[in-house]
Amino acid sequence: MRVSPQSRELSASVTLNHRAFIQPLFVEEGLQAPRLLENMHGICADTRTSVLKQVERDMERGIHKFLVFPVPVKREAYPRDFSFTTGLLRELRRVFGSDIWMAADCCLCAYTHNGHCGITDASGLKIDNAASVGLLSAYALELADAGADTIAPSDMMDGRIASIRQRLNENGMDHVSIMSYSSKFSSQWYGPFRDACHSSPAAGLLGDRRSYQLSPANPEDAVLCALRDEEEGADMLMVKPAGWYMDMLWRIKEQVNVPVAAYHVSGEYAALEYMAGLGLLKREAAHLELWTSLKRAGADIIISYAARDAKSWIDHQTY
Ligand code: PBG
Ligand code: ZN
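A quick note: this is a predicted structure, and the numbers were derived from the prediction, not measured.

**Here's the deal with the overall build of the protein**
Assigned secondary structure in the protein consists of 11 helices and 11 strands. With the C-alpha coordinates of the protein rotated into their principal frame, the extents come out at 65 × 45 × 40 Å. Buried residues in the protein amount to 55% of all 319 residues. Here the contacts in the protein between residues at least 6 apart in sequence split such that 74% fall between residues at least 24 apart. Of the roughly 14100 Å² that the protein leaves accessible, carbon and sulfur atoms contribute 51%.

**Re the packing of aromatic side chains**
Applying the stated criterion across every chain, the model contains 14 aromatic pairs. Considering the side-chain rings of Phe69 and Phe193, the 4.9 Å spacing of their centres and the 75° angle between planes classify their relative orientation as edge-to-face. Residue Phe69 is located in strand β4 (residues 65-71), and its partner Phe193 is located in helix α6 (residues 191-197); the two are separated by 124 residues in the primary sequence. Exposure remark for Phe193: the relative accessible area of 16% places this residue in the buried category. When the ring of Tyr111 is compared with that of Tyr139, the centres are 5.9 Å apart and the planes differ by 85°; the resulting orientation is edge-to-face.

**Considerations on the side chain of Thr150**
Considering the arrangement of structural elements, one finds Thr150 in strand β6 (residues 150-153). Here the side chain of Thr150 touches Ser177 through a polar contact of 2.5 Å, side chain to side chain. Among all residues touching Thr150, those that are not within four sequence positions of it are Trp101, Met102, Ala103, Ala104, Val176, Ser177, Ile178, Met179 and Met236.

**Observations concerning the coordination of the zinc ion (ligand 2)**
Coordination of the zinc ion (ligand 2) by the protein is provided by Cys107 (SG), Cys109 (SG) and Cys117 (SG), with metal-donor distances spanning 2.2 to 2.3 Å. Geometry at the zinc ion (ligand 2) is tetrahedral, judged from the 4 donor atoms that bind it and their angles of 100 to 117° at the metal. Counting the intervening residues between successive donors of the zinc ion (ligand 2) yields the motif C-x1-C-x7-C. Residue Cys109 is classed as buried on the basis of its relative accessible area, which comes to 10%.

**Regarding the nonpolar core**
Formed by 107 residues in total, the largest nonpolar core has its most connected members in Phe26, Leu92, Ile151 and Trp291. Ranked by the residues each element gives to this core, the list is headed by helix α4 (residues 129-145), at 8 residues.

**Thoughts on the pattern of salt bridges**
Enumeration over the complete set of coordinates arrives at 17 salt bridges. Note that Arg228 and Asp229 form a salt bridge whose closest N and O atoms lie 3.4 Å from each other. Arg228 sits in the partly exposed class, given a relative accessible area of 25%. Among the salt bridges present, the one from Arg283 reaches Asp309, with a minimum N-O distance of 3.8 Å. Pair noted here: Arg283 is in helix α10 (residues 283-297) and Asp309 is in the loop between β11 (301-303) and α11 (310-315), with a separation of 26 residues, a long-range link. With relative accessibility at 13%, the residue Asp309 sits in the buried group. In the salt-bridge network here, residues are joined through shared partners; they are Asp155, Asp158, Arg160, Arg228, Asp229 and Glu232.

**Points about the pairing of strand β10 (residues 260-263)**
Of the two faces of β10, the one lined by Val260 and Ala262 and the one lined by Ala261 and Tyr263 are each fully buried. One ladder, built from 3 bridges, connects strand β9 (residues 237-240) with β10; its direction is parallel. Pairing of Met238 across the sheet is with Ala261, part of β10. Relative to β11, β10 is paired through 3 bridges, and the arrangement is parallel. Each residue of the ladder has a partner; that of Ala262, found in β11, is Ile302.

**A word on the site of ligand 1**
Arg194, Gln213, Lys240, Ser266 and Tyr305 are the nearest of the 17 residues found near ligand 1. In this structure, an oxygen atom belonging to ligand 1 sits 2.8 Å away from a side-chain N or O atom of Gln213. Within the complex, the protein chains bury 100% of what would otherwise be the 400 Å² of accessible surface of ligand 1. A class-by-class count of the residues in the shell around ligand 1 yields 10 nonpolar, 3 polar and 4 charged.

**Some details on helix α3 (residues 83-96)**
Between the first and last C-alpha of α3 there are 20 Å, a value that for 14 residues agrees with the 20 Å anticipated at 1.5 Å per step. For α3, every residue scored as buried is listed here: Phe84, Thr85, Thr86, Leu88, Leu89, Leu92, Arg93 and Phe96. Structurally, α3 contributes buried residues whose contacts are with β1 (21-28), α2 (50-60), β4, β5 (101-106) and α4. Just downstream of α3 lies Gly97, where phi reads positive at about 50°.

About the cut-offs
Going along each chain's sequence as written, the residues are numbered from 1 onward. Whichever chain is written first becomes A and whichever ligand is written first becomes 1, with later ones labelled in order. With the structure being a predicted model, the display of local features is reserved for residues of pLDDT at least 70 and the display and counting of side-chain atom pairs for 80 or more, all residues being used for whole-chain, interface and lining totals. Side-chain metrics rest on all non-hydrogen atoms present in the structure, leaving aside hydrogens and water. The secondary structure listing takes helices from DSSP runs of H or I that are at least 4 residues long and strands from runs of E that are at least 2 residues long, numbered from the N terminus. For the exposure calls, accessible area comes from a 1.4 Å probe over protein chains only, and a residue counts as buried if that area is under 20% of its type's maximum, exposed if over 50%, partly exposed in between. Should any heavy atoms of two residues lie within 4.5 Å, those residues are considered in contact. For the accessible areas, the method is Shrake-Rupley and the probe is 1.4 Å, while residue cover comes only from the protein chains on display. Aromatic pairs are defined between Phe, Tyr and Trp rings, using the six-membered ring for Trp, whenever the two ring centres lie within 6.5 Å; interplanar angles under 30 degrees are classed as stacked, those over 60 as edge-to-face, and all others as tilted. For the purposes of these results, a polar contact is taken to be a pair of N or O atoms within 3.5 Å, where, inside protein, one atom must be able to donate a hydrogen and its partner to accept one; residues adjacent in sequence count only when each atom of the pair is a side-chain atom. Each metal's donors are the N, O and S atoms within 2.8 Å of it, or within 3.2 Å when it is Na, K or Ca, and because water is not part of the set, sites may look incomplete. Only two sets of limits are used to name each site, 85 to 135 degrees for every angle of a tetrahedral four-donor site, and over 155 degrees for opposite donors with all other angles from 65 to 115 for a square planar four-donor or octahedral six-donor site, with any other site named irregular. Joining through side-chain atoms within 4.5 Å is the link that ties buried Ala, Val, Leu, Ile, Met, Phe, Trp, Tyr and Cys residues into a set, and such a set is a nonpolar core. Any Lys or Arg side-chain nitrogen located within 4 Å of an Asp or Glu carboxyl oxygen qualifies as a salt bridge. In this scheme, strands are said to pair when DSSP sees at least two bridges between them. Nearness is judged by heavy atoms alone; a residue qualifies as near a molecule or strand once a single heavy atom is within 4 Å of it. Ten residue types, Ala, Val, Leu, Ile, Met, Phe, Trp, Tyr, Cys and Pro, are classed as nonpolar, four, Asp, Glu, Lys and Arg, as charged, and the remainder, Gly among them, as polar. To estimate how far a helix should reach, multiply one less than its number of residues by 1.5 Å.

Written as structure tokens, this is what we have:
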């Protein structure tokens, strides 16, 4: 059956569909022109205006689902002003109406002075989980009110899904879904993203995110977090990074009854693109192979920086 493209096609039980893809977008406050992200092959931080053109181009290529990351200017110990993000979502909704689906990343690291995903207690050495969850829930409600279809909490605080769900429901936002970054590992592969969003945690005693993101050495915790988030009301779960954690995708997919997303993160994307740039692999074929593997491992949804190429690549895919 491997001898011809036709018989290989007939025996392909894992196939891709561009409808399952989500394209991340970065929008930076105060930017005058799109800023090409070095290390992120072809990916830009957009301005408030250029993002509209980018979305239009993506829609022409069959991509209608987006994950929006704001890069605001102001950083505070206790952020209160989320108007850059909410203004952006309102504008996208006003221009594109229901032609696009927007997931709003819900985290504090682009807003906090120290780049952490939650707020710290008075000592500055420890995350204050309860205060962080309270603030994230208020932020989530603002995002929903601004037109987000889905809230995507990427902070990894405990109990935030239940709290966000309750806050949304109490305020007439029960139609807004939640895509939880349920199983997000503390990883080296977020480097280019943190560069893009200026969201690296500041050096110091709480210098990394290991007190809230998952340990690669504790797969049971990743399963527990997924089950807990499903229980708390998450409509979609996520494994992140994707390629280095396919075993987690498989384990979690087997145990839950909501769609599971795989996030092929910035560093994974950059590594693949570097290899392609060196002529050591074919860009398009490598992304297709990776996506097929994610699908095989159980991913229902794929978040990729190359999502905008998914339709044309899949349409011309050869086996
Ligand atoms: C922060 C956040 C991160 C990513 C998405 N949201 C990175 C981090 O934890 O520092 C990673 C995305 C990527 O690397 O592509 N809440
Ligand atoms: Zn964060």
